[in-house]
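Residue-level structure breakdown
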Amino acid sequence: MSKSIVSTEVAANARGSAWWIDQVARILVLLGGISAIVFVLAIFGFVAKEGLGYMLGDLDLVEFFTSPEWRPTAMEPNHGILALLVGTASVTGLAMLIAVPFSIGAAIFIGEFATGKTREILKVLVELLAAIPSVVWGFIGLSIMNPLIIEVFDVPVGLNVLNAGVILGLMAAPIMTTIAEDALKAVPDGYREAAEALGATRWQVIFKVVLPSAKKGLVAAVLLGVGRGFGETMAVLMATGHSVNLPTSPFDSVRAMTATIAAELGETAHGSDHYKVLFAIGITLFFITFVINMAADIFVRGGLKMSGKNS
Amino acid sequence: MKIMLFGTRADREVREDTSLEGQSNFWGLHQDKTLQIKMKFNTALAALLLPIVILSCGKAEGRAKMIQNKGSDTLVNVAQAWSENYREVNPSVAIVVGGGGSGTGISAMINGTVDIANASRSMKESELAAARANGIDPIEWIVGYDALAVYVHADNPIESISLEQLASIYGEHGEATTWSELGIKIPGLNDDKIVRVSRQNNSGTYAYFRDTVLGKEGKYKLGTLDMHGSKDVVDLCEKTPGAIGYSGLAYATDHVRLVPVLDSNGKPVIPTVATAADRTYPIARPLFMYTAGQPEGDIKLYLDWILSEEGQRIILNKGYAPVIDIK
């Protein structure tokens, strides 16, 4: 009893301006902290509200995922997104083929070889590459890559998987380089020193010790690049040719899911089937990127745990 | 709740400000709809832009009236020219013109966010029903005619093309995939695959071409390059030797070829303003404006001016056929 009276007095005495500032700061930080959760839930709720009911109800899911026919405004509309899925996957796949060697190589050079000024300049330039807006990349694809591909490969049209893959690869490389470099940096110096003490050459140190130890972080870097590729819209809209097509070669034009939503959503009547099916594509994309990010996250956490245990 | 995270406050301010300026009709028309229907991603943008709109109203001491006009990409240049010229006729009315395609204009009309929607196809029954369900009764006005020209690369020697050939190139069951199948040899081109250039699927041009060339129930063959504007189609045809595309006549440049289309008697007809006006060109189409109900006040005056000789001379200068005879 007497104890509680004392503590209330102490609390009352403490409620000066510092106490209030402390409370306000706490609430602000709390709001900031949970805002991400609120936004994600709100966005998910909104997308689900617009499309999920239709997706699980009226939409023929078998047609949706297995038919390449996408003609949402025809008299008898076709709502198949197979071609769009394949389009997105093929562009992202090619982009990764291009970006992974470049970015891992760049990360190894920046992290293991470059020193002093070279390293600083390279890091700044890589970050600068990440800052180029995607519409500028799309414009490069449209006006530089298109005639170049027609000229070099003698193909009828230069807006295709190759064009978009190169553009997307260049866009994804900087973020992958940065994360891969962090992963290499997380490898304890003791490992390198131990390997060198055993007489390993520099290349042997990197290839046999550093890269295997940083494997999980590197996989996470690649997965984040893949996520970037799936989500990219403007550049692929401009560089793919925006053509519903199951590609058989890198010179075929394709269409991406994101680009389809971007090109069509603004112009459909609210509540129409076309509108809802676009949201269903959005849900599909959301699910894919969620799985990819989740996988990247699990890899990163796994990687951290490993190095924590070892050090 | 949804996106009102970004929109509510600005929207509310707009409502208060405009009602003070006695424009509740203009904004009131779609205020409630804004809350219910309109704008998912646009809301944040609108929230940024609306205060600017209010400011510009404020400058004219709240007297400047605005007419929202958007839709067909085919008509957007003409609509822009009308809007600019009308400023001299009646400076107190500002016409805000936007493109995006007929589908954009029509869905904006259904959602109640425009006063006049431009369209290069007529509204479908389902769209009319959707508009009526929202308490809007769209009225159709023909404001001109357009020849839908068939564009090819400047090096393409094709002399004329029939509607059947177009259907065989573009249609779902059409068989033509290479130029040699049509008996055409394009100089300097080894892979003579036909690069089919089309429009995004809510464009009025897309729908009109489908209905006219492929039939109302017809479908496009997959694998067309779907461009997002009339000009983009012409640009791509200009740069791609194996390309064929369709777009309004007004977008013709010196760097592409317009292919004469065979009429029902097998006679090639060159797309021109004259052949569009007398409908001898087989794929000429009317261009529409839609108003929400019978137009009144400023909107009526604007439409009357568009259909007058002065307005029709402007559409003629832009490369479309007028609805009245102009000497």
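Computed from a predicted structure; not experimentally measured. Counting restarts for each chain: residues are numbered from 1 in the order of the written sequence. Lettering of chains starts at A and numbering of ligands starts at 1, both following the order in which they are written. Per-residue local features are limited, in this predicted model, to residues with pLDDT of at least 70; the limit for side-chain atom pairs, both in listing and counting, is 80 or more; totals at the level of whole chains, interfaces and linings are taken over all residues. Values shown for side chains rest on all heavy atoms present in the structure; no hydrogens or waters enter the calculation.

1. Overview of the domain arrangement of chain A
Throughout, the edges of the domains are those of an automatic or database domain assignment. Once the domains are mapped, chain A shows domain 1 (2-42) and domain 2 (63-310). One C-alpha centre belongs to domain 1 of chain A, the other to domain 2 of chain A, and the line joining them spans 43 Å.

2. Brief notes about the pattern of salt bridges
Residue and element names in this part refer to chain A. Criterion for a salt bridge: a side-chain nitrogen of Lys or Arg within 4 Å of a carboxyl oxygen of Asp or Glu. Under the counting rule described, the total for this entry stands at 19 salt bridges over all chains. Between Glu-181 and Lys-185 there is a salt bridge, with its nearest N and O atoms 4.0 Å apart. In this pair, Glu-181 and Lys-185 are both assigned in helix α7 (residues 161-185), 4 residues apart and thus about one turn of the helix distant. Between buried and exposed lies partly exposed: a residue is buried under 20% and exposed over 50% of the maximum accessible area for its type, with that area taken using a 1.4 Å probe on protein chains only. On the accessibility criterion, Glu-181 (3% relative accessible area) is buried. By the criteria applied, helices consist of DSSP H or I runs no shorter than four residues and strands consist of E runs no shorter than two, each listed in order from the N terminus.

3. A few points about the interface of chain A and chain B
We call two residues in contact whenever any of their non-hydrogen atoms come within 4.5 Å of each other. On the side of chain B, 37 residues touch chain A, which itself brings 40 residues to the contact. At the boundary of chain A with chain B, total buried surface from both sides reaches about 3200 Å², with 56% on carbon and sulfur atoms. Simply put, the buried area is the total loss of 1.4 Å probe accessible area from both parts when two parts are fitted together. Looking only at chain A, the three residues that lose the most surface to chain B are Arg71(A), Pro156(A) and Glu267(A), adding up to 23% of its buried area. On inspection of chain A and its partner chain B, the count reaches 2 salt bridges. For Arg71(A), the salt bridge is made with Glu172(B), and the minimal N-O distance between the two is 3.7 Å. Polar contacts here mean pairs of N or O atoms no more than 3.5 Å apart (in protein, one a potential hydrogen donor and the other a potential acceptor; neighbouring residues in sequence count only if both atoms are side-chain atoms). The tally of links between chain A and chain B comes to 11 residue pairs in polar contact (both at pLDDT 80 or more). Counting only elements with at least two residues in the side of chain A that touches chain B, the list comes to α2 (17-56), β1 (70-71), α6 (134-153), α12 (257-264) and α13 (273-310) of chain A. Ranked by residues supplied to the side of chain A that touches chain B, first place goes to α2(A) with 5 residues. Ten residue types, Ala, Val, Leu, Ile, Met, Phe, Trp, Tyr, Cys and Pro, are classed as nonpolar, four, Asp, Glu, Lys and Arg, as charged, and the remainder, Gly among them, as polar. For the side of chain A that touches chain B, the per-class residue count stands at 18 nonpolar, 12 polar and 10 charged.

4. Focus: the packing of helix α11 (residues 297-307) of chain B against helix α12 (residues 309-317) of chain B
Residue and element names in this part refer to chain B. Lines fitted to C-alpha atoms define the axes, with helix axes restricted to the stretch in contact, and inter-axis angles between N-to-C directions lie between 0 and 180 degrees. For the pair α11 and α12, interaxial distance at closest approach is 4 Å and the crossing angle is 60°. In terms of orientation, α11 lies oblique with respect to α12. Where α11 approaches α12, its residues Trp-305, Ile-306 and Leu-307 are matched on the opposing element by Glu-309, Glu-310, Gly-311, Gln-312 and Ile-314. Tallied by class, residues from the contact of α11 with α12 come to 4 nonpolar, 2 polar and 2 charged. Orientation labels follow simple angle bins: below 35 degrees gives roughly parallel, above 145 gives roughly antiparallel, 65 to 115 gives roughly perpendicular, and whatever is left gives oblique.

5. What about unusual backbone geometry?
Positive phi outside glycine occurs at Asp154(A), with the angle close to 55°. Position of Asp154(A) relative to the elements: it lies in the loop between α6 and α7. One non-glycine residue with positive phi stands out, namely Arg279(B), at about 60°. Residue placement: Arg279(B) occurs in the loop between α10 (273-277) and β11 (284-292).

6. Some words on the side chain of Ser253(A)
Within the secondary structure layout, Ser253(A) lies in the loop between α11 (234-239) and α12. On the basis of relative accessibility, which here comes to 5%, the residue Ser253(A) falls in the buried class. Within polar-contact distance, the side chain of Ser253(A) engages the backbone oxygen of Leu159(A) at 2.7 Å. For Ser253(A), the residues in contact, after removing those within four places along its chain, are Val157(A), Leu159(A), Asn160(A), Thr240(A), Gly241(A), Ser243(A), Asn245(A) and Leu225(B).

7. Overview of the nonpolar core
Among buried residues, those of type Ala, Val, Leu, Ile, Met, Phe, Trp, Tyr and Cys that are joined through side-chain atoms within 4.5 Å constitute a nonpolar core. In this structure, Trp82(B), Ile244(B) and Ile283(B) are the most contacted members of the largest nonpolar core, which totals 72 residues. In terms of residues, this core owes the most to one element, strand β4 (residues 138-153) of chain B, which gives 8 residues. Excluding its chain neighbours within four sequence positions, the residues that come into contact with Ile283(B) are Asp146(B), Ala147(B), Leu148(B), Val150(B), Leu163(B), Leu166(B), Tyr208(B), Phe209(B), Thr212(B), Val213(B) and Val261(B). Counting residues in hydrophobic clusters, the runner-up holds 55 residues, among them Val91(A), Ile149(A), Ala172(A) and Ile261(A).

8. Re a nonpolar patch on the surface
Residues with no salt bridge and a relative accessible area higher than 30% make up the patches, which join like charges within 9 Å and nonpolar side chains (Val, Leu, Ile, Met, Phe, Trp, Tyr) within 5 Å. Each accessible area value is a Shrake-Rupley result obtained with a 1.4 Å probe; residue values ignore everything except the protein chains displayed when judging cover. Among the surface-exposed residues, Val24(A), Ile27(A), Leu28(A), Leu30(A), Leu31(A), Ile34(A), Ile37(A), Val38(A) and Leu41(A) lie close enough to one another that they form a single nonpolar patch of about 850 Å² accessible area. Its location among the elements puts Ile34(A) in helix α2.

9. A look at the packing of aromatic side chains
Whether two aromatic rings pair depends on their centres lying within 6.5 Å, for rings of Phe, Tyr and Trp, where Trp uses its six-membered ring; planes under 30 degrees apart make the pair stacked, over 60 edge-to-face, and the rest tilted. Within this structure, the stated rule accounts for 17 aromatic pairs over all chains. Measuring from centroid to centroid gives 4.7 Å for Trp19(A) and Trp20(A), while their planes differ by 90°, and the two rings are edge-to-face. Judged by relative accessible area, Trp19(A) falls into the partly exposed class, the value being 25%. With a centroid separation of 6.2 Å and an interplanar angle of 80°, the aromatic rings of Tyr170(B) and Tyr220(B) are classed as edge-to-face. Here Tyr170(B), found in helix α7 (residues 163-170), pairs with Tyr220(B), found in the loop between α8 (204-214) and β6 (225-227); they are 50 residues apart in sequence, far enough to count as distant. Both residues of the pair, Tyr170(B) and Tyr220(B), count as buried. These aromatic residues form a ring-pair network of at least three members: Tyr170(B), Tyr206(B), Phe209(B), Tyr220(B) and Tyr246(B).

10. Notes on α8(B)
Each full turn of the α-helix corresponds to 3.6 residues, which orients residues three or four apart in the same direction. All names here are of chain B. For α8, a buried count of 9 out of 11 residues is recorded, marking the element as mostly surrounded by other parts of the structure. Regarding α8, the residues found buried are Gly-204, Thr-205, Tyr-206, Ala-207, Tyr-208, Phe-209, Arg-210, Val-213 and Leu-214. The N-terminus of α8 is capped by Ser-203, whose side-chain oxygen sits 3.1 Å from the backbone nitrogen of Thr-205. With its phi angle positive at about 90°, Gly-215 sits one or two positions after the end of α8.

11. Details of the environment of Pro187(B)
Along the chain, the position of Pro187(B) falls in the loop between α7 and β5 (195-199). For the pair formed by Pro187(B) and Pro241(B), sequence separation is 54 residues and the distance between their alpha carbons is 9.0 Å.

12. Topic: the environment of Gly218(B)
Residue and element names in this part refer to chain B. Of note, Gly-218 is situated in the loop between α8 and β6. Among the residues examined, Gly-218 registers a relative accessible area of 11% and is labelled buried. Sequence separation between Gly-218 and Lys-185 is 33 residues; the distance between their C-alpha atoms is 29 Å.

13. Quick word on the packing of α6(A) against α7(A)
All names here are of chain A. Their axes nearest at 9 Å, the elements α6 and α7 cross at an angle of 135°. Here α6 is positioned oblique relative to α7, judged by the angle of their axes. Judged by the sense of rotation from one axis to the other, the crossing of α6 with α7 is right-handed. In this structure, α6 uses Ser-134, Trp-137, Ile-140, Gly-141, Met-145, Asn-146, Ile-149 and Phe-153 to contact α7, whose residues at the interface are Leu-162, Asn-163, Val-166, Ile-167, Leu-170 and Met-171. Among the residues forming the contact of α6 with α7, the class breakdown is 10 nonpolar, 4 polar and no charged. The handedness criterion is simple: a crossing whose near helix is rotated anticlockwise from the far helix by less than a right angle is left-handed, and one whose near helix is rotated clockwise is right-handed.

14. Considerations on the environment of Ser230(B)
Residue and element names in this part refer to chain B. For Ser-230, the position within the fold is in helix α9 (residues 230-239). Taking the C-alpha atoms as reference points, Ser-230 and Leu-75, separated by 155 residues in sequence, lie 9.9 Å from one another. Once you skip the residues sitting within four places of it in the chain, Ser-230 turns out to touch Asp-73, Thr-74, Arg-199, Ser-247 and Tyr-251.

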